[in-house]
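A structural walkthrough
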Amino acid sequence: MSEVTAPLHETVLPHHGDLVWYVSYGSNLAAERLRLYLEGGTPPGGARRNPGARDPRPPLASAGVELPGALYFAGESPQWGGGVAFYDHLTPGPTAARAYLVTAAQFVDIAAQEMHRVPREGDPLERVIVDGLGGQGARHEVGPGHYETLIEVGRRDGLPMLTFTAPHGRDAVGHAAPSPAYLAMLANGLGESHGWDEDRTAAYFSQVLPSV
């Protein structure tokens, strides 16, 4: 299920700073969507422009991964309309995801934009990431909002794998169907990172989409 990438020792050299794996299970499964969080811009079908990260360089590597928890859709996206993806690490899954090798600063800037903030120098979350969350399953809550709860979901090549989600679990909120544009972005990312065809992607969506 893993995507083919360059060996880690060949890709780390151009970057400086602490490295982490940012794990996406939503629209950032698609490399083009993630690029707009790094370089800035508005995604196709989206309504908001992302300011971009302080360091706009692309990830050093990426890989398709599977998380043990459950994917669900809830809330109302100001970018896409419809529900957005969240990850519940305490409810059995699995969830298809994609891990991107980025610097701690890039991870913090991606997280800031997901929290509808502008990336800035001196963000205290960067020190939290550099110091480490504390091992698999450890959590750090930046605030009560969507995507303000960080979770360490494992390790890859000796580096922490981090994602962000809501503070509540799947059963604590009502579910909402995602918009077609958002779902199309997820489908593109699943094809890129896992090599899934339309039938395999449709089967996955039938398992995780709400019955609304």
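Residues numbered from 1 in each chain as written. Predicted model: local features only at pLDDT ≥ 70, side-chain atom pairs only at ≥ 80, totals over all residues. Heavy atoms only, no water.

1. Quick word on the overall build of the chain
Formally: Only DSSP runs of H or I with at least four residues qualify as helices, and only runs of E with at least two residues qualify as strands; both kinds are numbered from the N terminus onward. To get the radius of gyration, use the C-alpha atoms; to get the globule rule, take the number of residues to the power 0.38 and multiply by 2.2 Å. Exposed residues in this analysis have more than 50% of their type's maximum accessible area, buried residues have under 20%, and partly exposed residues fall in between, with area computed by a 1.4 Å probe over protein chains only. By definition, residues are in contact when any of their heavy atoms lie within 4.5 Å. Accessible areas in this description were obtained via Shrake-Rupley with a 1.4 Å probe; residue shielding takes into account the shown protein chains only.
Scanning the chain from terminus to terminus reveals six helices and six strands. Across the chain, helices and strands are ordered from the amino to the carboxyl terminus as α-β-α-β-β-α-α-β-β-β-α-α. Taking 212 residues into account, the globule formula puts the C-alpha radius of gyration at 17 Å, and the chain, at 16 Å, falls close to it. By principal-axis analysis of the C-alpha atoms, the chain measures approximately 45 × 35 × 35 Å. Within the chain, the proportion of its 212 residues that are buried is 52%. Put simply, of all contacts in the chain between residues at least 6 apart along the chain, 68% involve residues at least 24 apart. When the accessible surface of the chain is summed, it comes to about 9400 Å², and 52% of that surface belongs to carbon and sulfur atoms.

2. Side note on the packing of helix 2 (residues 31–39) against helix 3 (residues 104–114)
Rules: Axis lines are fitted to C-alpha atoms, over the contacting stretch for helices. Their N-to-C directions set the angle, which ranges from 0 to 180 degrees. Any angle between 65 and 115 degrees counts as roughly perpendicular, while under 35 counts as roughly parallel, over 145 as roughly antiparallel, and the rest as oblique. Residues are grouped as follows: nonpolar covers Ala, Val, Leu, Ile, Met, Phe, Trp, Tyr, Cys and Pro; charged covers Asp, Glu, Lys and Arg; every other residue, Gly included, is treated as polar.
Closest axis-to-axis distance for the helix 2/helix 3 pair is 9 Å, and the angle between their directions is 100°. As the angle between them shows, helix 2 and helix 3 are arranged roughly perpendicular. Listed contacts from helix 3 to Leu34, Leu36, Tyr37 and Leu38 of helix 2 are Gln106, Ile110, Gln113 and Glu114. In terms of residue class, the contact of helix 2 with helix 3 is made up of five nonpolar, two polar and one charged.

3. Regarding the pattern of salt bridges
So the rule is basically this: The working definition used for a salt bridge is a side-chain nitrogen of Lys or Arg within 4 Å of a carboxyl oxygen of Asp or Glu.
Inspection of every chain in the model, using the stated rule, returns twelve salt bridges. Here Asp171 ties to Arg170 by a salt bridge, and the two come within 3.8 Å at their closest N and O atoms. Note on Arg170: relative accessible area 27%, which makes it partly exposed. Residues joined by salt bridges that share partners form a network here, namely Arg54, Asp109, Glu121 and Glu126.

4. Some words on helix 5 (residues 180–194)
As a reminder of what qualifies: Helix span is expected to be 1.5 Å times the residue number reduced by one. Here the arc refers to the set of directions running from the helix axis out to each C-beta atom.
Between the first and last C-alpha of helix 5 there are 20 Å, a value that for 15 residues agrees with the 21 Å anticipated at 1.5 Å per step. Of all the positions in helix 5, only Tyr182, Leu183, Met185, Leu186, Gly189, Leu190, Ser193 and His194 are classed as buried. For helix 5, the arc enclosing every buried residue in end-on projection is 155°, short of the 170-degree limit, so these residues lie on one face. Buried residues belonging to helix 5 abut helix 2, strand 2 (61–74), strand 3 (84–103) and helix 6 (198–208). At the exit of helix 5 stands Gly195, carrying a positive phi of roughly 75°.

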